[in-house]
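Structure at a glance
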Amino acid sequence: MIIYPVEVILVVTGPVLVIGAGVAGMTAAVELADNDVKTILIDRKTTIGGNALELYKAFPTDDCFYCFEGNRWRPGIRKCFYRSAMIDQPNIDLKISTRVKGISGTPGTFLVNLEVGPQYVDPRKCTLCGLCTDASEAFHLVSPQCQPQAVSYNPERADDGAKKAEEDCPTGAINLSATQTEETITVSDIVIATGYHEMKPSTIDEYGYGKLPNVITQLELAQMLDPNGESSGALLRPSDGAQVKSVMMIQCVGSRDENYYPFCSKICCVFALKHASIISKERNNSRVSVVYMDIRTYDRHERYYRETRDAGVEFVRGRVSRVEAHKDGTLDVYVYDSLLNKYLKFVVDLLVLSSALEPPEASNELISSLGLNSASGYVGSADPLSENEVVAGDHVYACGGALGPAEVPESVNQARAVVSKILQGRK
Amino acid sequence: MTNKSPVLLCTCGKQLKLDYDYLETEISKLDLAGSVTVHDFGCQDSGLETIAELIGESEARLVIAACTSQKIQPRIDQYLQSLGKDSSRIAYVNIREHSAWVHKDPSEASKKSLDMIRGALARVEDSKSIVSETKEIPNHVTVIGGGIAGVETALSLSNLGYRVTLMERESSIGGHVVQLPVIAPTGKSGKEIFSSRLKALENDKNIDVMTNTTVKFIEGEMGDFLAHYISPDDEDEKTLQTSAIVLATGFKEFKPTMIDEYHYGKNPDVVTQLELSRMLTEDRMVRPSDGKPVNEVVMVQCVGSRSEDYKRDCSKLCCTFAIDNSLEILERNPDANVQVVYMDIRVPFENEMIYKESRERGVDYIRGRISMVWENDNTTHVRIYDSLLNQYLETTPDLVVLSSAILPSDGVAELSETLGYALEEDGHVKDLYGKLRRTETRRRGVVAVGAITRPQFVFEAVTDAQAAALVLHNELHGGKIEKVARGAVLNVDDCVGCSLCAQQCPRGVPLMIEQTDAEEEDEAQKILFKAAIDTLNCHSCGVCQSLCPSGATQLNFLSNSQLWSEIEAVLEGADHEYPITVCFYCEECSVSTIDIVGTQRMEYPASSRLIPVPCAGRVSIIDILKAFEHGASTVMIAACEKDRCHIGGTGNEIAQVQIDVARDILNAIGWKGERVDMYRMFSAEPDRFTNAIREMVKRAQELGPTPVHKGTAGKWMEAVE
Ligand SMILES: Cc1cc2nc3c(=O)[nH]c(=O)nc-3n(C[C@H](O)[C@H](O)[C@H](O)COP(=O)(O)OP(=O)(O)OC[C@H]3O[C@@H](n4cnc5c(N)ncnc54)[C@H](O)[C@@H]3O)c2cc1C
Ligand code: SF4
Ligand code: SF4
Ligand code: SF4
Ligand code: SF4
Ligand code: SF4
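1. Let's talk about the site of ligand 5
What surrounds ligand 5 is a group of 13 residues, the closest being Cys505, Cys538, Cys541, Gly542 and Cys544 of chain B. For the shell around ligand 5, the class distribution of residues is 10 nonpolar, three polar and no charged.

Laid out in structure tokens, this is it:
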């Protein structure tokens, strides 16, 4: 066997902060931890997983949304969120309900001020025994797949039952008097994995979103279709709970639109057709039509376009001009069909808006406090000429939705690229 | 020495509705049970301490009956590891999600729990300690293809401490990127983008670049591949030993000569988009036919793509390329007139803004199709069907540019013959798992980056390369691999040389090795090839074990005898009055589905008995028949969805074959094949499991007693006659 001489100078550097624990942030954290890098993973919510937790089934594999890539010691085995044991990984310090308050210092030694929200339930102690959720409305399980596997407490719903649960919790996991704290950490690298946010299109008058209950977004549709959700996956009209017989989807809501976001949100055509496919094939054959400008099912995602056409989904090229609600709960949708050059009227039970994917709230602050480039409000790469999309600055990286609308496989790949770059910088 | 194991029974803070007195008494009566400890919190500090004490009682044997091992095992492993104790012989029984939470009647749930604990005791009795092993391999990787993806992978690997050999078929490196006049969204030429990497490559002592070098085939396995190649200075084939392979052979543009209507190949003024790129890069913006200036251009999108006749899917990049090239034409000739004929314009994210700019600068977009290109009086004529106006248009452009499909480069299929990675229908290298495992292939130690996996923009190919370098680093550990050798172990003496394991292992781990010095008296009896399995490369699925006719290869944590004694123990006392359904479930998507059913407190019949296996492919026909032999009424396998095998391969397809054969056997011997079935599931749809188990329980009741229950088993030969 040949052993090649390679000079490796190990630069010992500090821990890495990963902001945002969606699929991208979790992947980055686990890969770093496996490579012996201390990692602080923060998320502003009580449950990690990000958008994925609410999205049911994922293209391109059409299985759950709730997993990410496993780790080095069991190579390649993917991990459902619930069994990812993020609170038990040796090199990961997971901080939930935590946000970044300020960043100072210099690349390589950033001083990050963290605001850590009240830790009402100790995730290491909670066993999900169910005692508190039976006793009080203030406790609930966000999702059976939530990570950490622990109940969440909502102080706004505090009641006597909650007090009693605090006393009775068999493991003493509950501390209702917990308060917010602050801490400052020193890290050598920062990974931004803050994801994206689905725009709430209530400002676009013609669709009636926010006013008409049967007008929803794709994310809301995903939750309706989820068998673990309220309606057990049945497609029911929000207004009256009646069975939905016809659905219309509208593409490019707030995207490709100078008044909102000029960019294309890239994945909404694919997930709209994924939903259209589920509805037409697996939900008692409701009728689906899609109003679009261009159908953008890149690469092998074209399969969804073929399959939905074969399943009888109707595609209308044009724009919606007006939506009116009837007393019986149905909606009249007026569409200008640019192929037929005609105005058409459709009567539907449910109108689903493929709303723009916008940068999350804190994106702008992070970009300005770290002096990064902005790509339409998302994190831009430091040097576009290098084509290194994940390198956002000196010792600053970004992956997943934080870089712009991305699908899960891309997010994971980017997270791995970030870890690769960090490790390369340390060898 | 004892073969008994202590048992820890967890009450989950006294919240589980099980009869613990009954369990304690009954377990204490079992031959294989040592001490029985009832504990309120197995997962908390006090529980961990108790576990650490119990682990010392019987050579590290221990059965923990608590909630799902998927949650507590990592914590327990870690705790024991920190104390230097062995956790590899612990068997977990899920009496919470798989029993107490899903069955109303506490006595039925307790009975089920007891049966499964009895099974785990049987499995633990014969278990082995699994220890860490080390091996050293060359810290050397071979990259095939010197486009931007290959070069970036080489640079990343070098930065991670590897020696790299980069082999390129052409005389220079750079691939397609250096032919592109502009790279969206940077606006810079491909050459500029490539130049800094070229410099880094030249200065990198860890990277050996070999141009004019063609890889013929590669054999071996991760850590010990042998690449056979030919290089120009030597006619003979040469070889290179290497630990891992990076496929970066890129794409080729479809040449649409066979599509009659475009006249490509017949009319020199009909070119492809890549040919136009080259013209722009070389500053030759004239008509190829006669060197006259180009003023009128028609671009045709989706040539060969999105077509049932050629490539079904979209090539992703060509809309952006067409727009970039249109702008580049206008840059050079502001008076030029560019028309783009399209079905959908597909430009992701901020490329939309470039699309908008091109419209503002006068590029004309016509939604429709080209119906014909012909020549008349030395002019090119094009007939366009405009689907928005529903009419035909005719123009006489100087140049017709076809946005032709992007296909994988030649030679991937040939290399896969010995390397064994899987291909997509479109000929690209297939991801190990589409949702999460890009760049990884079915073959361990082989990654694929850039356009060989799918059409990719340059920045995506660069990300791919960086990610793949990490994937390989995670596998090769810098050449010093130290890990727990949990997986298949081969007893060479038992191998009969059938090569089933080598053919069917989802990750290509077993190799058939020529037995050069086998000394057999009888030439005819001599086994020429025998298998070899490197346990450290194994993915622990057990497919080879379930197929091996002689039991030569077995998982070291779940041998045949372990599983058989578990089956027998679980089914103790099973009869027709309380018909039992045995469910073998994979410890990947199936365990998750069953766990989530528990967390959701969904109910299903308590006559089910669940037996874990690492992958559905571990279950053999014999395992299934053993379950019937010991009194099961029906048997099911719960597996991941088709083509979503966690191992990345074919575990659940192998399981399907086992089920099909088992059903044929049952039918042939008059036992009714419906007694066995396979179900696929994932946790987002938990009712897939409850529906499956209800169906199998229903069949158990309807099909009535089996010949084992009736005492007529073994007389089936008469029955068939
Ligand atoms: C309707 C819909 C359907 C989709 N369907 C698919 C599909 O089928 N297949 C597919 O591949 N992709 C799909 N996607 C895209 C997919 O959701 C994303 O690719 C993926 O979830 C991105 O993961 P992420 O980790 O980058 O971001 P996120 O999931 O958004 O996670 C970001 C995390 O960061 C946290 N965070 C944000 N800001 C801060 C801060 N300042 N401090 C601390 N924490 C912060 C958030 O709480 C969140 O947990 C879909 C998207 C939508 C909207
Ligand atoms: S009572 Fe305590 S252990 Fe039980 S679910 Fe509530 S917080 Fe968790
Ligand atoms: S992906 Fe489709 S729906 Fe979304 S913005 Fe782009 S074109 Fe519109
Ligand atoms: S990118 Fe555009 S031209 Fe290329 S196949 Fe897709 S839709 Fe057609
Ligand atoms: S257990 Fe699976 S991965 Fe391991 S050698 Fe056998 S078939 Fe291959
Ligand atoms: S690993 Fe878990 S989350 Fe992922 S597909 Fe399987 S069951 Fe679903």
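2. A few points about the confidence of the model for chain B
Residue and element names in this part refer to chain B. Residues with a pLDDT of 70 or more make up 97% of chain B, whose mean pLDDT is 94. Taken as a whole, residues 716-721 scores under 50 in pLDDT and shows three contacts with residues more than four places along the chain or in a different chain. At the level of chain-chain contacts, confidence expressed as ipTM amounts to 0.95, with global pTM at 0.95.

3. Some thoughts on the domain arrangement of chain B
How large an interface is tends to be reported as the accessible area lost when its parts come together. Residue and element names in this part refer to chain B. When its domains are assigned, chain B resolves into domain 1 (1-130), domain 2 (140-250 + 409-480), domain 3 (260-403) and domain 4 (485-555). Placing a centre on the C-alpha atoms of domain 2 and another on those of domain 4 gives a separation of 31 Å. Here domain 2 meets domain 4 over a buried area of about 840 Å², counting both sides, of which 36% is carbon and sulfur. The three residues of domain 2 that bury the most area against domain 4 are Glu221, Arg442 and Arg444, which together make up 65% of that side's buried surface.

4. Some details on the packing of aromatic side chains
Within the structure shown, the criterion is met by 18 aromatic pairs over all chains. For the ring pair tyrosine 261 of chain A and phenylalanine 263 of chain A, a centre distance of 5.3 Å and an interplane angle of 35 degrees mean the geometry is tilted. For the pair formed by tyrosine 261 of chain A and phenylalanine 263 of chain A, the shared burial category is buried. Here the aromatic rings of phenylalanine 254 of chain B and tyrosine 310 of chain B are separated by 5.4 Å at their centres, their planes lie at 45 degrees, and the arrangement is tilted. Remark: tyrosine 310 of chain B occurs in the loop between strand E15 (296-303) and helix H9 (318-332) and phenylalanine 254 of chain B occurs in the loop between strand E13 (251-253) and strand E14 (270-272); sequence separation between them is 56 residues. On the accessibility criterion, tyrosine 310 of chain B (35% relative accessible area) is partly exposed. Counting every residue linked through ring pairs, the aromatic cluster contains Tyr261, Phe263 and Tyr378 of chain A together with Phe349 of chain B. Over the ring of phenylalanine 557 of chain B we find arginine 486 of chain B; its NZ or CZ atom is 3.6 Å from the centre of that ring. When the ring centre of tryptophan 101 of chain B is taken as origin, the NZ or CZ atom of arginine 601 of chain B, which lies over that ring, is 3.7 Å away.

5. Details of the interface of chain B and chain A
With 106 residues of chain B at the contact, the number on the chain A side is 101 residues. Interface area lost by chain B to chain A is led by Phe349, Lys435 and Leu436 of chain B, which between them contribute 9%. Inspection of the chain B/chain A interface yields 16 salt bridges. In this structure, glutamate 407 of chain A and arginine 438 of chain B form a salt bridge, with 3.2 Å as the shortest nitrogen-oxygen distance.

6. Considerations on the packing of helix H2 (residues 45-54) of chain B against helix H3 (residues 69-82) of chain B
All names here are of chain B. At a closest axis distance of 10 Å, the pairing of H2 and H3 adopts a crossing angle of 60 degrees. The orientation of H2 with respect to H3, classified from their angle, is oblique. The element H2 and its partner H3 pack so that their crossing is right-handed. For the pair formed by H2 and H3, the contact residues are Leu48, Glu49, Ile51 and Ala52 on the first element and Arg75, Ile76, Tyr79 and Leu80 on the second. Classifying every residue of the contact of H2 with H3 by side-chain character gives six nonpolar, no polar and two charged.

7. Description of the nonpolar core
In terms of nonpolar packing, the biggest core is built from 186 residues, with Ile192 and Val333 of chain A touching the most fellow members. By residue number, the principal contributor to this core is helix H12 (residues 458-476) of chain B, which donates 10 residues. Filtering out sequence-adjacent residues up to four positions away, valine 333 of chain A remains in contact with Met248, Val320, Arg322, Val323, Leu344, Lys345, Phe346, Val348 and Leu351 of chain A. Judged by nonpolar contacts, the second largest core, of 63 residues, contains Ala178 of chain A together with Leu114, Val124 and Ile693 of chain B.

8. Considerations on the site of ligand 1
Residue and element names in this part refer to chain A. Neighbouring residues of ligand 1: 35 residues in total, closest Asp43, Asn51, Phe59, Lys274 and Ala406. Within the side chain of tyrosine 196, an N or O atom sits 2.7 Å from an oxygen atom of ligand 1. Within the side chain of lysine 274, a nitrogen or oxygen atom sits 2.6 Å from an oxygen atom of ligand 1. When ligand 1 sits alone it has 1000 Å² of accessible area, and the protein chains cover 99% of it. Looking at the shell around ligand 1, the elements that each hand over two or more residues are helix H1 (23-34), strand E3 (57-58), helix H4 (218-225), helix H5 (268-282) and helix H8 (408-426). Per-element tally for the shell around ligand 1: the top contributor is H8, with three residues. Both domains that meet at the shell around ligand 1, namely domain 1 (16-117 + 180-196 + 359-424) and domain 2 (199-356), each give it at least three residues.

9. Regarding the pairing of strand E1 (residues 5-10) of chain B
Residues and elements named next belong to chain B. Along E1, six of the six residues are buried, which leaves the element largely enclosed by surrounding structure. Every second residue of E1 is oriented toward a common face, with Ser5, Val7 and Leu9 on one face and Pro6, Leu8 and Cys10 on the other, all of them buried. Pairing between E1 and strand E2 (residues 33-39): five bridges, direction parallel. Within E2, the position partnered with leucine 9 by the bridge is valine 38. Between the parallel pair E1 and E2, the chain is carried across by helix H1 (residues 20-29), and the sense of this crossover is right-handed. In the sheet, E1 pairs with strand E3 (residues 62-66) via three bridges, with the strands oriented parallel. Its bridge partner being in E3, valine 7 is matched across the sheet by valine 63.

10. Looking at the sheet that holds strand E8 (residues 98-106) of chain A
All names here are of chain A. What the three strands build is an open sheet, ordered E8-E9-E12; its pairing is antiparallel. The open sheet has two edge strands, E8 and strand E12 (181-187), and neither has a second partner. If you compare each strand with its neighbour and ignore which way they point, the axes differ by 20 degrees on average. In this structure, E8 lies alongside strand E9 (residues 109-116), joined through eight bridges in antiparallel fashion. For arginine 99, the partnering residue across the bridge sits in E9 and is glutamate 115.

11. As for H12 of chain B
Residues and elements named next belong to chain B. Relative to the 27 Å expected for 19 residues at 1.5 Å per residue, H12 spans 27 Å between its end C-alpha atoms, a close match to the ideal helical length. Buried residues dominate H12, accounting for 18 of its 19 residues. At the C-terminal side of H12, histidine 477 shows a positive phi close to 50 degrees.

12. Some details on unusual backbone geometry
Here the amide bond leading from phenylalanine 59 of chain A into proline 60 of chain A is cis, since omega sits at 0 degrees, within 30 degrees of zero. Relative to the assigned elements, proline 60 of chain A resides in the loop between E3 and strand E4 (63-64). Cis geometry marks the peptide bond from glutamine 147 of chain A to proline 148 of chain A; its omega dihedral reads 0 degrees. The topology assignment puts proline 148 of chain A in the loop between strand E10 (139-140) and strand E11 (152-153). A positive phi angle, near 55 degrees, is found at cysteine 12 of chain B, a position not held by glycine. Structurally, cysteine 12 of chain B is set in the loop between E1 and H1. Judged by its relative accessible area of 7%, cysteine 12 of chain B is buried. For asparagine 378 of chain B, which is not glycine, the phi dihedral falls at a positive 65 degrees. Note that asparagine 378 of chain B resides in the loop between strand E17 (364-376) and strand E18 (379-386).

About the cut-offs
Residues numbered from 1 in each chain as written. Chains lettered and ligands numbered in written order. Predicted model: local features only at pLDDT ≥ 70, side-chain atom pairs only at ≥ 80, totals over all residues. Heavy atoms only, no water. Near = heavy atom within 4 Å. Nonpolar A, V, L, I, M, F, W, Y, C, P; charged D, E, K, R; others polar. pLDDT = per-residue confidence, 0-100. Contact = heavy atoms within 4.5 Å. Domains from an automatic or database assignment. Buried area = accessible area lost by both parts, 1.4 Å probe. Phe/Tyr/Trp six-rings, centres within 6.5 Å; stacked < 30°, edge-to-face > 60°. Buried < 20%, exposed > 50% of the residue type's maximum accessible area, 1.4 Å probe, protein only. Helix = DSSP H or I, 4+ residues; strand = E, 2+ residues; numbered from the N terminus. Lys NZ or Arg CZ within 6 Å of the ring centre and 35° of its normal. Salt bridge = Lys/Arg side-chain N within 4 Å of Asp/Glu carboxyl O. Axes fitted to C-alpha atoms, helices over the stretch in contact; angles between N-to-C directions. Parallel < 35°, antiparallel > 145°, perpendicular 65-115°, else oblique. Left-handed = near helix turned anticlockwise from the far one by under 90°. Core = buried A, V, L, I, M, F, W, Y, C linked by side-chain atoms within 4.5 Å. Polar contact = N/O pair within 3.5 Å; in protein donor to acceptor, adjacent residues only side chain to side chain. Areas by Shrake-Rupley, 256 points an atom, 1.4 Å probe, with all protein chains shown as cover. Pairing = 2+ DSSP bridges. Right-handed = clockwise from strand over helix to strand, strands pointing away. Expected span 1.5 Å × (residues − 1).

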